[in-house]
Amino acid sequence: MPTAPSDRPLTSDAPATGELRPPVPVPDGDGASRAPRDAVAPLRSLAPAPADGEAARLAEVVAGLRDELVQIRRDLHAHPELARTEERTTRVVADRLRAAGLHPHLLPGSGLWCDIGPTVSARGARRVALRADLDALPVADTCHLPWASGVRGVAHACGHDVHTTAVLGAGLALAQVADGLAAGVRLLFQPAEEVQPGGSLDVMAAGGLDGVERIFAVHCDPKLDVGQVGTRIGPITSASDEVTVTLTGDGGHTSRPHLTGDVVFALGQVITQVPAVLGRRLDPRSGVNLTWGAVRAGSAHNAIPSSGTVMGTLRCLDVRAWEHASRVLEAAVHDVVRPFGVEVEVKHARGVPPVENREGATAVLEAAARDVLGPESVRLTEQSLGGEDFAWYLQKVPGAMARLGTRTPGGHTYDIHQGDLRVDERAVEAGALLLARTAQLAGRSTPTRPSAAGSDACRGGGPGHTSSPAAFGTARRVSAGCEFITEPARIPIGNRSVTSRCLGSSVNSVDSRTPRRRLPAARSGPCDGTSRRQQEITGVKKMMRAAALGGAVVLALTACGSAPEDTQETAGGDETAAGSDFKACIVSDEGGFDDKSFNQLSYEGARKAADELSAEFAEVQSESAADYPANLESLVSASCNTIVSVGFALSADTVESANANPDLHYILVDDAADNDFDGEKDAENIKPLLYNTAEAAFLAGYLAAGYSEVGKVGTFGGQPYPTVTIFMDGFKQGVDHYNAENGTSVQVVGYQGGDQGSFTGGFAANDTAKEVAAGIIDQGVDVLLPVGGPIYQSALDAIADSGRDIALIGADADVYETDPATQPYVLTSILKKMDVSTYEAVLASAGDDWDAEAYVGTLENGGVGLAELHDFEDKVDPELWAAVQELQTQIIDGDVTVTSYLAE
């Protein structure tokens, strides 16, 4: 590969002002060394010096690296490499990190990561990642700068050379202040961002995201001035897929179209009608856009061809709509062409999901920018319909991407993916400083429960303008393409000022009504560096001990996005006294009530209780975490007496609603309502329903180990929530117990303990879940336990694709009963009898025996258990099944100990 001449003069891509400092020679990656004759202006010519002492120290360190970083960026720009060929770029970065005393980990082929500061075994086992992308584009460099590309037809036309150097600079600076880091920092230098589905999947497959709690990145934006940072909560980029529709027919003469399958006419209908159909079958808030780019059919005026093709791109700003788009698109095409008698083939090549910035992570980026780039540096950026494979990381952990300004103030506005792209090189220092400060701040705050668009910041509240809510800690939520920003400090308690920002436009409105539920200024979380998961577990244990010491009587089991839908009609029988004035209501997690799992079980229990009471009943389903506050408020406004919130992720919003409405009863399924982790409930009128599923999962693990013929069993989860990992941990303990008793060495694939394992990043049955399942199956397991609502459906798809005999273990419900399609695969299910406990709690709420003490389901009280073997009864050794039954007795009697955060 040709190299750039070493005697090129070194000047900024665009005019820069301010003091010049003499640069230092840097290796060019091929062993040579350059001594540049000039350098870029300092960033302080644009931004004031930081007032915070720590931030000022960081700025000083980065400033000391400025000239070297600019030279490295120019060197990378002169030596661009296409996706998955970035070997030289990898070597340049790795050599500089080694020179700083760091220890980079090289990925297969190209790319690397490097860890700085505390390891995951220290200080709460936490790590923040900063991501850069290494690859260039197949575009000719037309800038004619001294450091122009030396590779014909290849150029860094998207700014990845800036991204790489900024992350490198952040890492080098953080290495100098590592003693002050509250969490470890992982620098991720990723290959192949410019090809789909992207090199981020390679990084994750190689373990690059292991132990990472949050991840951040920047992307060059030539429409923003250097020193400015563009941020946005929710979707900032779009899903980007390729669509090809091919129609075939008999063909014929244009004088006799009635005797042909007229593919040209049918293609015309596809082109004009299918985009319109998608706009009616998918949520219009999702920003779905199908645009055709090429049509090919026929070559003669008077001949109807026998085939024709139309090609285009499908873009979408909402991940849930994206997950359903393929099915809807194919159905729409078939429906549109059905009258024309042609054959249809639809190819939908999935690209990347949208980049959906989390609120708290975005707040950290904004705070960092204000600290080191000045109070006016943050701008609300527009949404882009371009794709970015950073989105795959955000499917696994919370994080955010910011736009990094590269335009010289008053200078020309360029565009990315163009050969004439020029950047103001002060952006290198700005990016390094921003990312380094972000890592410092993110290491001290802990994200709340990850969710599709949930809040995960540690911030306080206060008044401020809606254009910069993160500066003032306003309560903000995201729904599809819109941001709803609530500012209770603006108006006396009971009223709200709401700004709706939808796809780049904003409309301010004031709701003069007084809702029963009052939104607090902000939700705060622990910021002391302790791991979120450990605080959750510690808080629950404290609460359980307090309940036991107080002699509390817990619930006894008596048996083994829109306004809520009122369903007042109930089963037969006379109306009870309770039924005349009692209303039971329920709100789902984002999985919906048809998940054949925990949402559905809780719904069935609550509905059964309402039917027996002849009471009113209302339900509301959540499409994403952004819906939780509004859905709870809608139930309060619907005059519900008891509100059942289903799922760990609803805890914080339920606590807020309960405290604002102390006269109502709340039943919280799967969480202790202890969001400050002090061992006490955060609202007195909430009854937590908890389940020590580790005990039942222990039995399942023992059974799986004994059933396995290959000595490998697997498990994976939706999110690393304690309510998910408790299954996985109990399962692993059961396998370990089997090995200890039988002298075997059955392996557990997909889970190492704690929150270290394979997770899909959500609870949807989608391609991501299928890929995770397939990755575990590929390692040779013959038993698989998916934990997280409907993700078992994706596991079944992966099992079917493998063509192997793999047994499935269900979670929450007996999936053999709830989903008959699973019956040929289901070995057993780990039962979490939420229907029974929810039923009992709702009945108690309507009567005089209501108490708000926490209930914990166990093997002993029947709140958890193991389902029957069903169709596998003849496949399981009777002695193994007998041993499982005996093991259950031993656990109940205390002869075998199962550890979990819910154990006494």
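Residues numbered from 1 in each chain as written. Predicted model: local features only at pLDDT ≥ 70, side-chain atom pairs only at ≥ 80, totals over all residues. Heavy atoms only, no water.

**Student:** It is not clear to me how empty space enclosed by the protein should be interpreted in this structure. Could you clarify?
**Tutor:** Empty space left among the atoms is revealed by rolling a probe the size of a water molecule over them. Reported here for the second largest cavity is a volume of approximately 130 Å³. Around the second largest cavity sit 15 residues that line it, and Phe598, Asp670, Thr723, Val724 and Phe763 are the ones nearest its centre. The residue makeup of the lining of the second largest cavity, split by class, is 8 nonpolar, 3 polar and 4 charged. (1 Å grid on protein atoms, 1.4 Å probe; cavity = no way out; pocket = protein on both sides within 12 Å on 5 of 7 lines; lining within 4 Å. Points joined across faces, edges and corners; volume = space filled by probe spheres on them. Nonpolar A, V, L, I, M, F, W, Y, C, P; charged D, E, K, R; others polar.)

**Student:** Looking at this model, I keep getting lost on helix 16 (residues 722-742). Mind explaining?
**Tutor:** Residue pairs spaced three or four apart in an α-helix point in one direction, given the helix's 3.6 residues per turn. Counted at 1.5 Å a residue, the expected span for helix 16 with its 21 residues is 30 Å, and the 30 Å between its end C-alpha atoms agrees. Once helix 16 finishes, Gly743 follows within two positions and takes phi at roughly 65°, a positive value. (Helix = DSSP H or I, 4+ residues; strand = E, 2+ residues; numbered from the N terminus. Expected span 1.5 Å × (residues − 1).)

**Student:** What should I look at first to understand the pattern of salt bridges in this one?
**Tutor:** A pair can form between side chains of opposite charge whenever their charged atoms are brought close. Inspection of the entire model under this criterion finds 29 salt bridges. Residues Lys223 and Asp221 are paired through a salt bridge, measuring 3.4 Å at the closest nitrogen-oxygen approach. Taking relative accessible area as the criterion, Lys223 reaches 43% and is therefore assigned partly exposed. Its salt-bridge partner being Asp335, residue Arg338 comes within 3.0 Å of it at the nearest N-O pair. The class for Arg338 is exposed, based on a relative accessible area of 56%. What you see here is one network of salt bridges that share partners, running through Asp52, Glu54, Asp371 and Arg437. (Salt bridge = Lys/Arg side-chain N within 4 Å of Asp/Glu carboxyl O. Buried < 20%, exposed > 50% of the residue type's maximum accessible area, 1.4 Å probe, protein only.)

**Student:** Help me understand the state of the cysteines, please; the structure alone is not making it clear to me.
**Tutor:** What the rule picks out here adds up to 1 disulfide. Disulfide partner of Cys585: Cys640, at an S-S distance of 1.8 Å. In this structure the cystine formed by Cys585 and Cys640 twists about its S-S bond by roughly -85°; its chirality is therefore left-handed. Here the residue Cys585 occupies a position in strand 24 (residues 583-587), and Cys640 occupies one in the loop between helix 13 (628-637) and strand 26 (642-646), the gap between them amounting to 55 residues. (Disulfide = S-S within 2.5 Å.)

**Student:** What is the right way to read the pairing of strand 6 (residues 184-190) from this model?
**Tutor:** Consecutive residues of a regular strand have side chains that alternate between opposite faces of the sheet. With respect to burial, strand 6 is a largely interior element, 7 of its 7 residues being buried. Of the two faces of strand 6, both are covered, the one formed by Gly184, Arg186, Leu188 and Gln190 as well as the one formed by Val185, Leu187 and Phe189. Judged from the 5 bridges that link them, strand 4 (residues 112-116) and strand 6 form a sheet pairing that is antiparallel. Within strand 6, the residue paired with Trp113 across the bridge is Leu188. Here 7 bridges tie strand 5 (residues 127-133) to strand 6, and the two strands are oriented parallel to one another. (Pairing = 2+ DSSP bridges.)

**Student:** Just to check I follow, could you spell out the pairing of strand 33 (residues 783-787) for this structure?
**Tutor:** Of all 5 residues making up strand 33, 5 are buried, and the element is well covered by its neighbours. The alternating pattern of strand 33 places Val783, Leu785 and Val787 on one face and Leu784 and Pro786 on the opposite face, and all of these are buried. When strand 29 (residues 712-717) meets strand 33, the two strands line up parallel, connected through 4 bridges. Note that in strand 33 the partner of Gly717 across the bridge is Val787. The pairing of strand 33 with strand 34 (residues 807-812) spans 2 bridges and is classified as parallel. Bridging from a neighbouring strand, Val783 pairs with Ala807 of strand 34. Of the crossover connections in this fold, the one passing from strand 33 over helix 18 (residues 791-802) to the parallel strand 34 is right-handed. (Right-handed = clockwise from strand over helix to strand, strands pointing away.)

**Student:** Honestly, the side chain of Ser829 in this entry has me stumped. Any pointers?
**Tutor:** Structurally, Ser829 is set in strand 35 (residues 826-832). Among the polar contacts listed, one links the side chain of Ser829 to the backbone oxygen of Ala813, at a separation of 3.5 Å. Within polar-contact distance, the side chain of Ser829 engages the backbone nitrogen of Val815 at 3.3 Å. (Polar contact = N/O pair within 3.5 Å; in protein donor to acceptor, adjacent residues only side chain to side chain.)

**Student:** What's the story with the confidence of the model for the protein in this structure? I'm lost.
**Tutor:** One rule of thumb: low pLDDT means the predicted coordinates there are not for detailed reading. Model confidence for the protein is summarised by a mean pLDDT of 80, while 79% of its residues fall at 70 or above. Confidence, read as mean pLDDT per element, is least for strand 22 (residues 505-511) in the protein (29) and greatest for helix 15 (residues 693-707) (97). For the stretch residues 14-37, pLDDT sits under 50, and the model shows 70 contacts to residues farther than four places along the chain or on other chains. This model gives residues 547-563 a pLDDT under 50, and the stretch forms 31 contacts once residues within four places in sequence are excluded. (pLDDT = per-residue confidence, 0-100. Contact = heavy atoms within 4.5 Å.)

**Student:** What is the right way to look at the sheet that holds strand 14 (residues 307-316) in this model?
**Tutor:** Two modes of strand pairing occur in sheets, parallel and antiparallel, and in both the strands are linked by backbone hydrogen bonds. Strand order across the open sheet formed by 4 strands is 12-14-10-15, with antiparallel pairing between neighbours. The two strands at the open ends of the sheet, each matched to only one other strand, are strand 12 (289-297) and strand 15 (343-352). In this sheet, adjacent strand axes meet at a mean angle of 15° when their direction is disregarded. Looking at chain direction, strand 10 (residues 239-248) and strand 14 are connected through 10 bridges and run antiparallel. Bridge pairing in strand 14 places Asp241 opposite Leu314. On top of the sheet, helix 6 (residues 319-337) reaches strand 10, strand 12, strand 14 and strand 15; it is set at about 165° to strand 15, its chief contact. (Axes fitted to C-alpha atoms, helices over the stretch in contact; angles between N-to-C directions.)

**Student:** Explain unusual backbone geometry to me, please; I cannot follow it from the model alone.
**Tutor:** Excluding glycine, most residues fall at negative phi; most peptide bonds, likewise, are trans. The amide bond that connects Gln196 to the next residue, Pro197, takes the cis arrangement and shows omega of 5°. One can find Pro197 in the loop between strand 6 and helix 4 (200-205). Even without being glycine, His144 reaches a positive phi, approximately 60°. Position of His144 among the secondary structure elements: in the loop between strand 5 and helix 3 (160-176). Of note in the backbone geometry, Ser639 takes a positive phi value of approximately 65° without being a glycine.

**Student:** Can you walk me through the sheet that holds strand 6 in this structure?
**Tutor:** Reading across the sheet, the 8 strands line up as 3-4-6-5-7-18-8-17 and stay open at both edges, with mixed pairing between neighbours. For this open sheet the edge positions go to strand 3 (105-106) and strand 17 (378-380), each flanked by a neighbour on one side alone. Taken together, the 3 bridges between strand 8 (residues 229-231) and strand 17 define a ladder with parallel strand orientation. In the strand pairing of strand 17, Thr231 is matched with Leu380. Strands in contact with helix 9 (residues 426-442) are strand 5, strand 6, strand 7 (214-225), strand 8 and strand 18 (399-407); relative to strand 7, the strand with the most contacts, it is inclined by about 150°.

**Student:** Please explain the nonpolar core as it appears in this structure.
**Tutor:** General note: in soluble globular proteins, nonpolar side chains tend to be found buried as a group. By size, the foremost hydrophobic cluster in this structure holds 101 residues, and its most contacted members are Ile643, Phe731, Ile809, Leu827, Ile830 and Val876. Here the element with the most residues in this core is helix 15; it accounts for 11 residues. Ignoring any residue separated from it by four or fewer positions in sequence, one finds Phe731 in contact with Ala697, Phe698, Ala700, Gly701, Ala704, Val713, Gly714, Thr715, Leu785 and Ile809. Of all hydrophobic cores here, the second largest spans 64 residues; its members include Leu58, Ala170, Ala400 and Leu421. (Core = buried A, V, L, I, M, F, W, Y, C linked by side-chain atoms within 4.5 Å.)

**Student:** Any chance you could explain the packing of aromatic side chains here in plain terms?
**Tutor:** Any pair of aromatic rings gets described here by the distance separating the centres and the angle formed by the planes. Summed over all chains, the structure comprises 9 aromatic pairs. Judged by centre distance (5.1 Å) and plane angle (75°), the rings of Tyr702 and Tyr738 are edge-to-face. Taken together, the residues Tyr702 in helix 15 and Tyr738 in helix 16 connect sequence positions 36 residues apart. You'll find Tyr702 and Tyr738 in the same group, each marked buried. An aromatic cluster is present here, built from Phe648, Tyr721 and Phe763 joined pairwise through their rings. Cation over ring: Arg350 sits above Trp322, and NZ or CZ is 3.9 Å from the ring centre. Across from the ring centre of Tyr839, 4.5 Å away, lies the NZ or CZ of Lys608, which sits over that ring. (Phe/Tyr/Trp six-rings, centres within 6.5 Å; stacked < 30°, edge-to-face > 60°. Lys NZ or Arg CZ within 6 Å of the ring centre and 35° of its normal.)

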